[in-house]
Amino acid sequence: MHFGILEGILSVFITALFVSVLFRQLKLSIVLGYLVVGALVGPHMLGLVPDSDIINKLSQFGIVFLMFTVGLEFSIPKLIALRNIVLIVGNLQVLLCVIISTLIGKALGMSLHESFVVGSIVAMSSTALVIKQLNDQFELQTQHGLNAVGILLFQDLAVIPIIICISSLAKGIHSGFAMALLWSLLKGIFAIGLIFVLGRWLLKPLFHFIARTRAIELFTLSVLLVTLASAWITASLGLSFGLGAFLGGVMLAETEFRHQIEVEIRPFRDILLALFFISVGMLTDIKTWYDTWIWIALLVFALVIGKMLLIFILARLAGNYSTTAARTGIVLAQGGEFGFAILSLAVGGNMLRPEYQQVVLAALLISIAIAPLLIRYNKQIANYFIPNKDLSDTDSQKEIIQHAKKMHNHVVICGYGRMGQHIARLLDKIKFPYVGIDFDAELVKRASLAGDEVIYGDAGHPEILEKAGVDHAKVLVICISDHRAALKILGITRQHYPDLPILVRCHDKAELTQLKKMGATQIIAELFEASLTLSNHLLQLIRLPRDKIADIIQDVRNTDYDLLQQVFVGSEDDEDTTNEPISLHEQLSPIFVTEGSYAVNRKLHDLNLKEIGVEVISIRRGNEKHVKPHGNIKIHANDIVVLFGTLEHLEDAENRLLEGT
């Protein structure tokens, strides 16, 4: 049956919808479902889409948008922190994969060129698959997740010299090879520098201007433009689309628009990324696998087990613990989208015999098909083969856990970073018992060696909390800066220990509201507590009685810092670190009521400003200031009405006051 373009795309989406629902119900990876969809509708099975070229081209944008959103998760300092993983582990992984695979290929009777091509394909992992699933599993910011991102970034860079090598070998060109590599390196440096300069001097002012227009469609269009323009810059210089998109995301990661940008781009990313995996599945031709299944199995073994072991060894040499190194190897144990690009180039240059082509293609597809399961269960697989004896099973840890179980009315500190340790020092000073929990193995090792009562583990796991003796603790303190992790710990603790007092740190009012709903007993918002501490010292210096100071500060805390929320915001609010668009911030705004305005001689309650979503903080009339004015007060000409709300609501309120709309 022959379908046109529209019918073909329609059949893809119908099949994808059905299979996605089925795989969700079966709790299987949705990526695996997309691969199945591709195999079903492709030319080798049902043939609903005989020509996958259009879908393949569209799907490449999925990788572009994915890499852009990944860039939003990384700041420049975080990238600098990954330099050892990128430059050392990533470099050695690609180099050793190519060398070892080439040697094995030669031993099996392949030519040097064929062995090099296969080795280059084995060296690549799937950026799209790994990053998407790690992000879905909230593992992108873990140590093994960061390791994987670093190695994948180097692979994205390494594919350029590999393609140059294969192109030169296919054409029999050798004299200009070194110059081509040097030229590609210079272009890469230029592209990175250009995107960084544009990001610093153009993107941030641009998005500030667009945010002030409050036109959401303009904001979305700008996000798409930045994503595609960044990808175009690197692609036009011979680098990958994904690298440019990633750098564009990094440039916007430190702005207040990061979360809104991610929300705007997610629908495009998810749909087009689904098309990418479907297009990969369309390459499947199971009928050709029967005669060469042994060779396919050997190459799958190299792609999965061989690469896994190599990355494990390199990660261990880089100083990672065994379980972290194993999890890094497991999540990268598959072929990648660049493997298909290298294969296509080698086939076009007659560098690979036809029988080898199908073997390589089959191995790539099989490795990508089983990768979602390996990534989903990477922790369980790693713990099965390498029981976590790095720390949690040591004698010192067992002794601390036994001691914790005997404690009563102690403090459990979740997160033993700087804040957790500050609390521990004060408790040491009054000789009050405590147990700390942290997931940083190196930190726990050093702290416990120094005599601190700290156990290794995820504080969001009930068994770890039980080991810390939380069932007979006096208070639990959550000091973790990661808001999602704090919510997880709070939810688990409240579920199992509903009466336990829980003290939580947070950053701002938005986080405070969520934590309060989850049942936190006391919440300390860092953004406001710094202001309260400074104000406390100021009030003491102006000789206000200490009991009066305590009452004022406690009153602010009892009202969830509402008084401190009410601030005026300038065009550049350097102290704001909420990472939200300016249009979502609640702020103060003074409205000057002119002669002839709608509000003149009307009572405040008749204006129904609360319905709009704003609060009237005060009315200034000449030298008088009416704070929290009552509803019966009349508005006069030349009054200044101070309102509190979001920009959108403030604009509506201004229209109501001045024009009555």
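Refer to the structure presented above.
A brief look at the structure comes next. What you see is a predicted model; the values in this text were computed from it and never measured.

About the cut-offs
- Residues numbered from 1 in each chain as written.
- Predicted model: local features only at pLDDT ≥ 70, side-chain atom pairs only at ≥ 80, totals over all residues.
- Heavy atoms only, no water.
- Buried < 20%, exposed > 50% of the residue type's maximum accessible area, 1.4 Å probe, protein only.
- Helix = DSSP H or I, 4+ residues; strand = E, 2+ residues; numbered from the N terminus.
- Pairing = 2+ DSSP bridges.
- Axes fitted to C-alpha atoms, helices over the stretch in contact; angles between N-to-C directions.
- Contact = heavy atoms within 4.5 Å.
- Polar contact = N/O pair within 3.5 Å; in protein donor to acceptor, adjacent residues only side chain to side chain.
- Phe/Tyr/Trp six-rings, centres within 6.5 Å; stacked < 30°, edge-to-face > 60°.
- Lys NZ or Arg CZ within 6 Å of the ring centre and 35° of its normal.
- Core = buried A, V, L, I, M, F, W, Y, C linked by side-chain atoms within 4.5 Å.
- Parallel < 35°, antiparallel > 145°, perpendicular 65-115°, else oblique.
- Nonpolar A, V, L, I, M, F, W, Y, C, P; charged D, E, K, R; others polar.
- Expected span 1.5 Å × (residues − 1).
- Bend = angle between axes of the 7 residues up to and from the residue.
- Left-handed = near helix turned anticlockwise from the far one by under 90°.
- Right-handed = clockwise from strand over helix to strand, strands pointing away.

Observations regarding the pairing of strand β8 (residues 615-621)
1) Next: Counting buried positions along β8 yields five of seven residues, so the element is predominantly enclosed.
2) Next: As defined by bridge partners, β8 adjoins strand β9 (residues 624-627) across four bridges and the pair is classed as antiparallel. For S618, the partnering residue across the bridge sits in β9 and is V627.
3) Next: Between β8 and β9, which follow one another and run antiparallel, lie two residues, and G622 among them has a positive phi close to 65°.

Topic: the sheet that holds strand β6 (residues 522-525)
1) Next: The six strands lie next to each other as β3-β2-β1-β4-β5-β6, forming an open sheet whose pairing is parallel. Bordering the open sheet on either side are β3 (454-456) and β6, each of which pairs with just one other strand. Recorded for the sheet is a direction-independent mean angle of 20° between the axes of neighbouring strands.
2) Next: Pairing between strand β4 (residues 475-478) and strand β5 (residues 502-506): three bridges, direction parallel. Within β5, the position partnered with V477 by the bridge is L503.
3) Next: Sheet strands touched by helix α23 (residues 509-518): β5 and β6. Its angle to β5, the strand with the most contacts, is close to 160°.

Section: the environment of Q155
1) Next: Positionally, Q155 belongs in helix α8 (residues 143-171).
2) Next: Residue Q155 is classed as buried on the basis of its relative accessible area of 1%.
3) Next: When the C-alpha positions of Q155 and N91 are compared, they lie 8.1 Å apart, and in sequence the two are 64 residues distant.
4) Next: Here Q93 takes part through its side chain, which lies 2.9 Å from a polar atom of the side chain of Q155.

Focus on the packing of aromatic side chains
1) Next: Within this structure, the stated rule accounts for two aromatic pairs.
2) Next: Arranged with centres 5.2 Å apart and planes meeting at 90°, the rings of Y384 and F385 form a pair that is edge-to-face. Both residues of the pair, Y384 and F385, belong to the exposed class.
3) Next: Ring centres of F439 and Y456 lie 5.6 Å apart, and the angle between their planes is 10°; this geometry places the pair in the stacked category. In this pair, F439 sits in the loop between β2 (434-438) and α20 (441-449) while Y456 sits in strand β3, placing the two residues 17 residues apart along the sequence.
4) Next: Here F439 falls in the partly exposed class, since its relative accessible area comes to 46%.
5) Next: The buried category is assigned to Y456, whose relative accessible area is 14%.
6) Next: Cation over ring: R602 sits above Y598, and NZ or CZ is 3.9 Å from the ring centre.

Some thoughts on the nonpolar core
1) Next: Membership of the largest hydrophobic core comes to 120 residues, with the highest contact counts inside it found for F68, I261 and F277.
2) Next: For this core, the element with the highest residue contribution is α8, accounting for twelve residues.
3) Next: For I261, the contacting residues outside a window of four places in its chain are F68, L72, F207, F219, V223 and L252.
4) Next: The next biggest cluster of nonpolar side chains, apart from the first, holds 38 residues, and it includes V435, V504, A520 and L532.

Points about the packing of helix α16 (residues 354-376) against helix α17 (residues 378-385)
1) Next: Their axes nearest at 4 Å, the elements α16 and α17 cross at an angle of 70°. One element, α16, and the other, α17, form an angle in the roughly perpendicular class. Each of L374, I375 and R376 in α16 lies in contact with α17, whose residues at this interface are N378, Q380 and I381.
2) Next: A breakdown of the residues in the contact of α16 with α17 according to their chemical character gives three nonpolar, two polar and one charged.

Section: α16
In an α-helix, one turn spans 3.6 residues, which is why side chains three or four residues apart end up on the same side.
1) Next: With 23 residues, α16 extends 35 Å from end C-alpha to end C-alpha; this agrees with the ideal 33 Å at 1.5 Å per step.
2) Next: At I370, α16 shows its largest kink, close to 35°, and the proline P372 lies no more than four residues downstream.

Re helix α2 (residues 30-41)
1) Next: Spanning twelve residues, α2 covers 17 Å between terminal C-alpha atoms, matching the ideal 16 Å at 1.5 Å per step.
2) Next: Most of α2 sits out of view: ten of its twelve residues are buried.
3) Next: Taken residue by residue, α2 has I30, V31, L32, G33, Y34, L35, V37, G38, A39 and V41 as its buried positions.

Looking at the packing of helix α6 (residues 112-123) against helix α13 (residues 293-317)
1) Next: Running from amino to carboxyl end, α6 crosses α13 at an angle of 45°, the nearest separation of the two axes being 10 Å. Between α6 and α13, the angle is such that the two are oblique. α6 and α13 meet at a crossing whose hand is right-handed. Between α6 and α13, the contacting residues are V118, I121, V122 and A123 on the first element and L299, A302, L303 and K307 on the second.
2) Next: In terms of residue class, the contact of α6 with α13 is built from seven nonpolar, no polar and one charged.

Here we look at the pairing of β4
1) Next: Where strand β1 (residues 411-414) meets β4, four bridges bridge the pair, whose relative direction is parallel. In the sheet register, V411 faces β4, and the bridge partner there is V475.
2) Next: Chirality of the crossover, the property in question, places the unit of β4, helix α22 (residues 483-496) and β5 among those that are right-handed.

Quick look at the environment of E526
1) Next: Topologically, E526 is positioned in helix α24 (residues 526-541).
2) Next: Note: C-alpha distance between E526 and K509 (17 residues apart in sequence) is 9.9 Å.

Examining unusual backbone geometry
Keep in mind that most residues, glycine aside, have a negative phi and that most peptide bonds are trans.
1) Next: Positive phi, normally seen in glycine, also occurs at N601, with a value near 65°.
2) Next: Within the fold, N601 resides in the loop between β7 (586-592) and α27 (609-612).
3) Next: Taking relative accessible area as the criterion, N601 reaches 53% and is therefore assigned exposed.

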